[in-house]
Amino acid sequence: MTRTRLILLGTNGGPVVRLDRASPAQVVLVDDAAYLVDCGEGVVRQLVAAGVAPATVRELFITHHHADHNIGYGGLLMGAWVSGLDRVLTAHGPPPLARMTEAFFVMNDFDLRMRAASTGRTALADLVAVEEFADPGVVFEDACVTVTAARVPHPPIDQAYAFRFDGPDRSIVISGDTARSDDLVALAEGADVLVHEVFYPPAIEQMAAVDTQRASTLIEHIVACHTSVDEVGEIASAAGVTTLVLSHFVPGDTSVPDDVWAERARRRFGGEVIVGRDLLEV
Ligand SMILES: [Zn+2]
Ligand SMILES: [Zn+2]
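Residues numbered from 1 in each chain as written. Chains lettered and ligands numbered in written order. Predicted model: local features only at pLDDT ≥ 70, side-chain atom pairs only at ≥ 80, totals over all residues. Heavy atoms only, no water.

1. Some words on the coordination of the zinc ion (ligand 1)
Distances from the zinc ion (ligand 1) to its protein donors, namely Asp68 (OD), His69 (NE2), Asp177 (OD) and His248 (NE2), fall within the range 2.1 to 2.2 Å. Classification of the site at the zinc ion (ligand 1) rests on its four donor atoms, whose angles at the metal span 90 to 161°, yielding the label irregular. Coordination of the zinc ion (ligand 1) draws on donor residues from a single chain, spaced D-H-x107-D-x70-H in sequence. Here the zinc ion (ligand 2) and the zinc ion (ligand 1) are spaced 3.6 Å from one another, each receiving a donor from Asp177. Note that Asp68 is positioned in helix 2 (residues 67-70) and His248 in strand 12 (residues 243-250), a separation of 180 residues in sequence. The same class applies to Asp68 and to His248, which are both buried. (Donors = N, O, S within 2.8 Å, 3.2 Å for Na, K, Ca; no water. Tetrahedral: all angles 85-135°; square planar, octahedral: opposite > 155°, others 65-115°. Helix = DSSP H or I, 4+ residues; strand = E, 2+ residues; numbered from the N terminus. Buried < 20%, exposed > 50% of the residue type's maximum accessible area, 1.4 Å probe, protein only.)

2. A look at the coordination of the zinc ion (ligand 2)
At this site the zinc ion (ligand 2) is bound by His64 (NE2), His66 (ND1), His154 (NE2) and Asp177 (OD), with donor distances of 2.1 to 2.3 Å. Taken together, the four donor atoms coordinating the zinc ion (ligand 2) span angles of 91 to 162° at the metal, a pattern that classifies the geometry as irregular. Sequence positions of the donors to the zinc ion (ligand 2) reduce to the motif H-x1-H-x87-H-x22-D.

3. A closer look at the side chain of Ser247
If you trace the backbone, Ser247 turns up in strand 12. Not counting chain neighbours up to four residues away, the residues in contact with Ser247 comprise Gly10, Thr11, Val195, His196, Glu197 and Val198. (Contact = heavy atoms within 4.5 Å.)

4. Digging into the pairing of strand 3 (residues 33-37)
Both faces of the sheet carry side chains from a regular strand, because those side chains alternate between them. In terms of burial, strand 3 is largely enclosed, as five of its five residues are buried. Both faces of strand 3 are covered, namely the face carrying Ala33, Tyr35 and Val37 and the face carrying Ala34 and Leu36. Direction of pairing for strand 2 (residues 25-30) relative to strand 3: antiparallel, over a ladder of five bridges. Residue Leu29 lies in a different strand from strand 3, and its bridge partner there is Ala34. Joining the antiparallel neighbours strand 2 and strand 3 is a turn of two residues, in which Asp31 adopts a positive phi near 50°. Bridge count for strand 3 against strand 4 (residues 57-61) is four bridges, and the pairing is parallel. (Pairing = 2+ DSSP bridges.)

5. A look at the packing of helix 9 (residues 229-239) against helix 10 (residues 258-266)
Packing of helix 9 against helix 10 brings their axes to within 7 Å, and their N-to-C directions diverge by 50°. The angle between the axes of helix 9 and helix 10 places the two elements in the oblique class. Crossing hand, helix 9 versus helix 10: right-handed. Together, Val229, Asp230, Val232 and Gly233 of helix 9 and Trp261, Arg264 and Ala265 of helix 10 make up the contact between the two elements. Classifying every residue of the contact of helix 9 with helix 10 by side-chain character gives four nonpolar, one polar and two charged. (Axes fitted to C-alpha atoms, helices over the stretch in contact; angles between N-to-C directions. Parallel < 35°, antiparallel > 145°, perpendicular 65-115°, else oblique. Left-handed = near helix turned anticlockwise from the far one by under 90°. Nonpolar A, V, L, I, M, F, W, Y, C, P; charged D, E, K, R; others polar.)

6. Let's talk about the sheet that holds strand 4
Reading across the sheet, the six strands line up as 1-2-3-4-5-6 and stay open at both edges, with mixed pairing between neighbours. Whereas interior strands pair on both sides, the edge strands pair on one side only; in this sheet they are strand 1 (4-10) and strand 6 (128-132). Direction aside, neighbouring strands of the sheet carry axes that sit 20° apart on average. Two strands pair when backbone bridges link them, and strand 4 and strand 5 (residues 89-93) are joined in this way by three bridges, in the parallel orientation. Across the sheet, the residue bridging to Glu59 is Thr90, located in strand 5. Helix 3 (residues 73-82) rests against strand 3, strand 4, strand 5 and strand 6 of the sheet, and its axis sits at about 165° to strand 5. Strand contacts of helix 4 (residues 97-107): strand 5 and strand 6, with the helix running at about 155° to strand 6, the strand carrying the most contacts.

7. Quick look at the packing of helix 7 (residues 201-210) against helix 8 (residues 215-225)
Two numbers describe how helix 7 lies on helix 8: the axes approach to 8 Å, and their chain directions differ by 160°. The pairing of helix 7 with helix 8 is recorded here as roughly antiparallel in orientation. Note on packing geometry: the crossing formed by helix 7 with helix 8 is right-handed. Facing Ile204, Met207 and Ala208 of helix 7, the residues of helix 8 in contact are Ala215, Leu218, Ile219 and Ile222.

Here you go:
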């Protein structure tokens, strides 16, 4: 039986909230231990939909501080607490994660005090720890997994990371948001599963044609910070992974059919290609 599993919680790319794809998040499960990567909008609801009780999230990892990856952070803390969190949940990520956590406690001070008093629960502040890191390398290790981070190019963000989870029987890599990166290829070397973000160039050109005022800025941003579906197969080949999972789709609507995403990714990769969708278990 597979002990190290991955569930895609949200496969949309960017901060626009959609019904057809939820905002970025995924969870690695080793037996009953849950390791959450990123907290897009609605992450608690997606965990519940995936059958993972929010209070069982042991460790949380944030790839970078774009809102599509962290806006649900406070909601996750609250969602875990009100559903029975009874031991410390540690959030790992680049700065200013500690300051953001303090700001969440300030923002929700009234509710947190009222709820602790009325239920007798341990104060949430005593159940949350923050481990900031600002360099690549091993960022977490326990009896189930070793988590290694690689810094990835996602300008203008300097502190953007990809994570590799080495579990007892499988290795899973989450790219986060990144342009093509040799450091990510090195991180993913020989991994069983690589979850990589993708955009579809013709759709970007189309978006630019409609919104001519923002066109050049939009295209420049996407090309400099993200990875085209035409490049991602070569990345998976270079890393020698077994399975490539496409996620963080731009566009995240259904205008690009699954077989088009898959066909473009397969052009340069002979392994298994999975077109991600919400709640898919890999
Ligand atoms: Zn993103
Ligand atoms: Zn981003």
